[in-house]
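Chain by chain, the residues:
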Amino acid sequence: MKILVAVKRVVDYNVKVYPKADGSGVEIANVKMSMNPFDEIAVEEAVRQKELGKATEIVVASIGVSQCQEVLRAALAMGADRAILVETDAAPEPLVVAKLLKALVEREQPNLVILGKQAIDDDCNQTGQMLAALLGWGQGAFASKLTLGEQEIEVIREIDGGLETVALKLPAVITADLRLNEPRYVKLPNIMKAKKKPLATLNPGDLGVVLATQLTTLKVAEPPKREAGIKVADAAELVAKLRNDVKVI
Ligand code: AMP
């Protein structure tokens, strides 16, 4: 049982981001970058499946600039066996990422692919679903629990107002939601060991994928500033303001 996990390098979730002066995107120069938090959960889940004896190999893949090696090394330190970087300076949109991952799936023949449910930089929430569609495989998006069998996987999914349990034939695509697990704290010896694990680099051309774009970002802007609130003396004044000024009652 081989598991392929997709990990994206994104602006660290603790960083407050600002639009670039020309509104063409978000400023990422000199900003701390990390593994997308949902992808950390995806890697953790793959490692747990291996620890349970259900998976035998975990391959992690990232698409992007050469510094994506850092997030791949972090995934190797968590317990993945080897890594693949598809190197490109372009910031590929979800459909392109899905096409590249499909080509990697054809090379690697995993039984399961796990992605994060969403990248916290573009918030697209598309790549896993697109990959499943391109492969013609079943998909279990927003997974909060996985039970991996030999031919099948049971997935508890977080849906509006509750949980849905689905059974998918393998191979399948899963996307990890927040409550699937809590990623482990990586210890120093494992960080050292990860430096020696294999990391291969490919170009999109090696995978036969053209990086054609269908999306153009027109403008990135900050949300309007919230206006300061006011204090009211009592409930009667509050009701009067809601009725006369805000006119909501
Ligand atoms: P998105 O559809 O952009 O919100 O991303 C959903 C998931 O797809 C992420 O959590 C990653 O697992 C995967 N993904 C997206 N972009 C990349 C990338 N450039 N490299 C590796 N994985 C990616």
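Our subject is the structure that appears above.
What you see is a predicted model, and the numbers here were worked out from it, not measured in a lab.

Participant: I'm lost on the pattern of salt bridges in this one. Help?
Facilitator: Opposite charge on two side chains lets them pair, provided their charged atoms get close. The full count for this structure, using the stated rule, is 16 salt bridges. As a salt-bridge pair, Lys-2 and Glu-108 come within 2.7 Å of each other at their nearest N and O atoms. On the criterion of sequence distance, the pair formed by Lys-2 in strand 1 (residues 2–6) and Glu-108 in helix 3 (residues 94–108) is long-range, its members being 106 residues apart. Judged by its relative accessible area of 16%, Lys-2 is buried. The partner of Arg-82 in a salt bridge is Glu-57, and the shortest N-O contact between them spans 2.7 Å. Within this pair, whereas Arg-82 is found in strand 5 (residues 82–87), its partner Glu-57 is found in strand 4 (residues 57–64), the two being separated by 25 residues in sequence. Given a relative accessible area of 22%, Arg-82 falls into the partly exposed group.

Participant: Looking at this structure, how should I read the nonpolar core?
Facilitator: Where a protein is soluble and globular, its nonpolar side chains tend to be buried together. Residues Val-5, Val-43, Val-60, Leu-112, Ile-153 and Ile-174 are the most contacted members of the largest nonpolar core, which totals 38 residues. At 7 residues, helix 2 (residues 68–78) tops the list of elements feeding residues into this core. Those residues in contact with Ile-174 that sit more than four places away from it in its chain are Leu-112, Val-113, Ile-114, Leu-115, Gly-140, Ala-143, Leu-146, Ile-153, Val-155 and Leu-168. Residues Ile-63, Ile-84, Leu-104 and Ala-132 belong to the second largest nonpolar core, which totals 24 residues.

Participant: Help me understand the pairing of strand 9 (residues 162–169) in this model?
Facilitator: Working note: regular strand, side chains alternate between the two faces of the sheet. As defined by bridge partners, strand 8 (residues 152–159) adjoins strand 9 across 8 bridges and the pair is classed as antiparallel. Bridge pairing links Val-155 to Val-166 in strand 9. Counted between consecutive antiparallel strands, the loop separating strand 8 from strand 9 contains 2 residues, among which Gly-161 sits at a positive phi close to 75°.

Participant: Whenever I open this one, unusual backbone geometry confuses me. Can you help?
Facilitator: Leave glycine aside and you will find that most residues have negative phi; peptide bonds, for their part, are mostly trans. That bond from Leu-170 to Pro-171 is cis: its omega, 0°, falls within 30 degrees of zero. With respect to the helices and strands, the residue Pro-171 is situated in the loop between strand 9 and strand 10 (172–176). At Gln-109, a residue that is not glycine, the phi angle is positive and equals roughly 50°. Mapped onto the secondary structure, Gln-109 falls in the loop between helix 3 and strand 6 (112–116).

Participant: I'm lost on a nonpolar patch on the surface in this one. Help?
Facilitator: Together, Val-239, Val-246, Val-248 and Ile-249 make up an exposed nonpolar region whose accessible area comes to about 360 Å². Along the polypeptide, Ile-249 turns up in the segment after helix 6 (235–244).

Participant: Got a minute to help me understand the site of the ligand in this structure?
Facilitator: Among the 18 residues in the neighbourhood of the ligand, the closest are listed as Asp-39, Ala-119, Asn-125, Gln-126 and Thr-127. Contact distances for the ligand include 3.0 Å between an oxygen atom and a side-chain N or O atom of Asn-36. A distance of 2.5 Å separates an oxygen atom of the ligand from a polar atom in the side chain of Asp-39. Coverage of the ligand by the protein chains reaches 99% of its 480 Å² of free accessible surface. When contributions to the shell around the ligand are tallied by element, the ones reaching two or more residues are strand 4 and strand 6. Per element, the largest residue contribution to the shell around the ligand is 3 residues, and it comes from strand 4. Split into classes, the residues belonging to the shell around the ligand amount to 8 nonpolar, 7 polar and 3 charged.

Cut-offs used in this document
Residues numbered from 1 in each chain as written. Predicted model: local features only at pLDDT ≥ 70, side-chain atom pairs only at ≥ 80, totals over all residues. Heavy atoms only, no water. Salt bridge = Lys/Arg side-chain N within 4 Å of Asp/Glu carboxyl O. Helix = DSSP H or I, 4+ residues; strand = E, 2+ residues; numbered from the N terminus. Buried < 20%, exposed > 50% of the residue type's maximum accessible area, 1.4 Å probe, protein only. Core = buried A, V, L, I, M, F, W, Y, C linked by side-chain atoms within 4.5 Å. Contact = heavy atoms within 4.5 Å. Pairing = 2+ DSSP bridges. Patch = residues over 30% accessible without salt bridge, like charges linked within 9 Å, V, L, I, M, F, W, Y side chains within 5 Å. Areas by Shrake-Rupley, 256 points an atom, 1.4 Å probe, with all protein chains shown as cover. Near = heavy atom within 4 Å. Polar contact = N/O pair within 3.5 Å; in protein donor to acceptor, adjacent residues only side chain to side chain. Nonpolar A, V, L, I, M, F, W, Y, C, P; charged D, E, K, R; others polar.

Remember, this is a structural readout, not a statement about activity or role.
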